Amino acid sequence: MALRVSKRRPLVAQSEIRSMSIECARVGGINLAQGVCDLPVPEVVVRGAAEAMERGHNIYTRFDGRAELRRAIAARQLRDTGLDADPETQVVVSAGATGAFYSACLALLDEGDEVVVFEPYYGYHIVTLASLGIRPVFVTLAPPDWEFAAADLERVVTPRTRAIILNTPSNPAGKVFSREELALVADFAQAHDLFVFTDEIYESFVFDGLAHIAPATMPGMARRTITISGLSKVFAITGWRIGYALCDPEWALAIGHFSDLVYVCAPAPLQLGAARGLDELGPGYYRGVAEDHQHKRDLFCSTLREIGLTPHVPAGAYYTLADVSRLPGDTAKARAMHLLARTGVACVPGSAFYQGDTGETLARFCFAKEMNILEDAMRRLRKLTS
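The following refers to the structure shown. (Residues numbered from 1 in each chain as written. Predicted model: local features only at pLDDT ≥ 70, side-chain atom pairs only at ≥ 80, totals over all residues. Heavy atoms only, no water.)

### Focus: the nonpolar core
Most often, soluble globular proteins have nonpolar side chains that are buried together.
Then, number 1: Ranked by internal contacts, the top residues of the largest apolar core, which has 122 residues, are Phe118, Phe197 and Ile226.
Then, number 2: The dominant element in this core, judged by the number of residues it contributes, is helix H4 (residues 96-108), at 6 residues.
Then, number 3: When sequence neighbours within four positions are dropped, the list of residues in contact with Phe118 reads Val139, Leu141, Phe148, Leu153, Ile164, Ile165, Leu166, Phe177 and Val185. (Core = buried A, V, L, I, M, F, W, Y, C linked by side-chain atoms within 4.5 Å. Buried < 20%, exposed > 50% of the residue type's maximum accessible area, 1.4 Å probe, protein only. Helix = DSSP H or I, 4+ residues; strand = E, 2+ residues; numbered from the N terminus. Contact = heavy atoms within 4.5 Å.)

In structure tokens, the structure reads:
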């Protein structure tokens, strides 16, 4: 038998997000494609990590993370969402939220299972499932409010359905699921005995007076919900890879063992830096993050309207999907490449977030940039009206 790559290799290609980032770098443009938050890393977080290194905390941690970080995560969740998790048995620190999600899929799902996914979706969720032989089935959210009905969920469930993925606030739509919508998901999950995998990485980026509701706090949802989040976005430490899962002790042990197998542990001193940030940065810090990004959202969406790329104004996270159908090209990718060539601003083709052709008229922009960079991007985009 000839040497070859695995059968799963074709399922895992470079994402459109990274592809557009590479194209942007090639032309020296402004990258509004990749979700890298340009907030400064809080000084307390940097200092905490540096001091940890100096004190010699540079070796492996326990498979589920440093006790200081697990305690800090549990305390913040209890304070901000009401989710009560035992840091000794229900918190697993992993290599970013994506690492926590991958470990959870390894621990709780089998090849041939089906998972319900809302679209527009985050591509890493889909590729992770596909690489493990798990089949995503899709429920399309209807703009402008990204709505769904109980009947939409029932239409896709089969005897092989094992879980549903819930991303709130969502990437790329910026949807913040309401308590009523979470109740629909909870009823569905309980009726069909499903896990609910959440991705709550943008939980601190919620606008217009809305509140993030942790799905695990809904009645009857504590045991079946795998709450996944991290510190990458809110502390602007995407390269540190500090994420976590909170769940029932039985699932946490299995997730922790798979996380240990794949990643061993998240970097020890960086865990301690993140723990220091959670301990010392109070609610005012998180309010400031939300207010700053709401202001940037409003400025950027106003510019998109001005140039005829009508935005779907997000309720959370830090992306906006915009209608780019007026740009030249037959596909979202062609339109995104035209925009990059004309203005030097990179976005992500909307086709990266849909299974069919629904996304071909859309593009995703990230507005989590330093104000001078965002202002430069907006000036460049206004070239479209000249």
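### Quick word on a nonpolar patch on the surface
Then, number 1: A cluster of nonpolar residues, Leu11, Val12 and Val127, forms a patch on the protein surface that exposes about 200 Å² of accessible area.
Then, number 2: In this fold, Leu11 is placed in the segment before helix H1 (16-27).
Then, number 3: Taking relative accessible area as the criterion, Leu11 reaches 42% and is therefore assigned partly exposed. (Patch = residues over 30% accessible without salt bridge, like charges linked within 9 Å, V, L, I, M, F, W, Y side chains within 5 Å. Areas by Shrake-Rupley, 256 points an atom, 1.4 Å probe, with all protein chains shown as cover. Salt bridge = Lys/Arg side-chain N within 4 Å of Asp/Glu carboxyl O.)

### Topic: the packing of aromatic side chains
Then, number 1: Throughout the structure, instances matching the rule amount to 16 aromatic pairs.
Then, number 2: Seen in terms of ring centroids, Tyr318 and Tyr319 are 5.1 Å apart; in terms of plane orientation they differ by 55°. Their pairing is tilted. In terms of burial, Tyr318 and Tyr319 fall into one category: buried.
Then, number 3: Put simply, the rings of Phe101, Phe195, Phe197 and Trp251 pair up and form one aromatic cluster.
Then, number 4: The ring of Tyr286 has Arg76 sitting right over it, with the charged end atom 4.1 Å from the ring centre. (Phe/Tyr/Trp six-rings, centres within 6.5 Å; stacked < 30°, edge-to-face > 60°. Lys NZ or Arg CZ within 6 Å of the ring centre and 35° of its normal.)

### What to know about the environment of Val289
Then, number 1: Position of Val289 among the secondary structure elements: in helix H10 (residues 283-306).
Then, number 2: Note on Val289: relative accessible area 4%, which makes it buried.
Then, number 3: For the pair formed by Val289 and Val206, sequence separation is 83 residues and the distance between their alpha carbons is 9.3 Å.

### What about the sheet that holds strand S2 (residues 91-95)?
Then, number 1: Read across the open sheet, the 7 strands follow the order S2-S8-S7-S6-S5-S3-S4; overall the sheet is mixed. A strand with exactly one partner marks an edge of an open sheet, and here the two such strands are S2 and strand S4 (135-140). Strand-to-strand twist in this sheet, taken as the mean axis angle between neighbours without regard to direction, amounts to 25°.
Then, number 2: Where strand S3 (residues 114-119) and strand S5 (residues 161-167) come together, 4 bridges link them in parallel fashion. Residue pairing across strands places Glu114 opposite Thr161, the latter belonging to S5. (Pairing = 2+ DSSP bridges. Axes fitted to C-alpha atoms, helices over the stretch in contact; angles between N-to-C directions.)

### Looking at H4
Then, number 1: Between its first and last C-alpha atoms H4 spans 18 Å; for 13 residues at 1.5 Å apiece the expected length is 18 Å, and the two agree.
Then, number 2: For H4, every residue scored as buried is listed here: Gly96, Ala97, Gly99, Ala100, Phe101, Ser103, Ala104, Cys105 and Leu108. (Expected span 1.5 Å × (residues − 1).)

### Focus on the sheet that holds strand S10 (residues 319-323)
Then, number 1: Spatially, the 4 strands line up as an open sheet ordered S9-S10-S13-S12, and their pairing is antiparallel. A strand with exactly one partner marks an edge of an open sheet, and here the two such strands are strand S9 (311-312) and strand S12 (348-349).
Then, number 2: Taken together, the 5 bridges between S10 and strand S13 (residues 362-366) define a ladder with antiparallel strand orientation. If you follow Thr320 over to S13, its bridge partner there is Phe365.

### Some details on the side chain of Asn171
Then, number 1: Considering the arrangement of structural elements, one finds Asn171 in the loop between S5 and helix H7 (179-192).
Then, number 2: For Asn171, the side chain forms a polar contact with the side chain of Arg364, separated by 2.8 Å. (Polar contact = N/O pair within 3.5 Å; in protein donor to acceptor, adjacent residues only side chain to side chain.)

### Some thoughts on unusual backbone geometry
Then, number 1: Here the amide bond leading from Glu119 into Pro120 is cis, since omega sits at 10°, within 30 degrees of zero.
Then, number 2: Within the secondary structure, Pro120 sits in the loop between S3 and helix H5 (123-131).
Then, number 3: With omega at 10°, the peptide bond leading from Pro143 into Pro144 counts as cis.
Then, number 4: Here Pro144 shows up in the loop between S4 and helix H6 (150-156).
Then, number 5: Although it is not a glycine, Asp208 adopts a positive phi angle of roughly 60°.
Then, number 6: Along the chain, Asp208 turns up in the loop between strand S6 (195-199) and strand S7 (225-230).
Then, number 7: The phi dihedral of Arg241 falls on the positive side, at around 60°, and the residue is not glycine.
Then, number 8: Along the chain, Arg241 turns up in the loop between S7 and strand S8 (242-246).

### A closer look at the pairing of S2
Then, number 1: Summarising burial for S2: 5 of the 5 residues are buried, a large majority.
Then, number 2: Here S2 runs beside S8; their pairing, made up of 5 bridges, is antiparallel. Bridge pairing in S8 links Ala95 to Ile242.

### Description of the pattern of salt bridges
Then, number 1: Applying the stated criterion across every chain, the model contains 26 salt bridges.
Then, number 2: When the shortest N-O distance is used, the salt bridge between Arg162 and Asp113 registers 2.8 Å. In this pair, Arg162 sits in strand S5 while Asp113 sits in the loop between H4 and S3, placing the two residues 49 residues apart along the sequence.
Then, number 3: Take Arg162: its relative accessible area is 26%, and that puts it in the partly exposed class.

### Some points on the packing of H1 against helix H11 (residues 332-343)
Then, number 1: Relative orientation of the contacting elements H1 and H11 amounts to 25°, with a least axis distance of 11 Å. Classified by the angle their axes make, H1 and H11 are roughly parallel. In this structure, H1 meets H11 at a crossing whose hand is right-handed. From H1, Glu16, Met20, Glu23, Cys24 and Val27 reach across to H11, where they touch Lys333, Ala336, Met337 and Leu340.
Then, number 2: For the contact of H1 with H11, a count of residues per class yields 6 nonpolar, no polar and 3 charged. (Parallel < 35°, antiparallel > 145°, perpendicular 65-115°, else oblique. Left-handed = near helix turned anticlockwise from the far one by under 90°. Nonpolar A, V, L, I, M, F, W, Y, C, P; charged D, E, K, R; others polar.)

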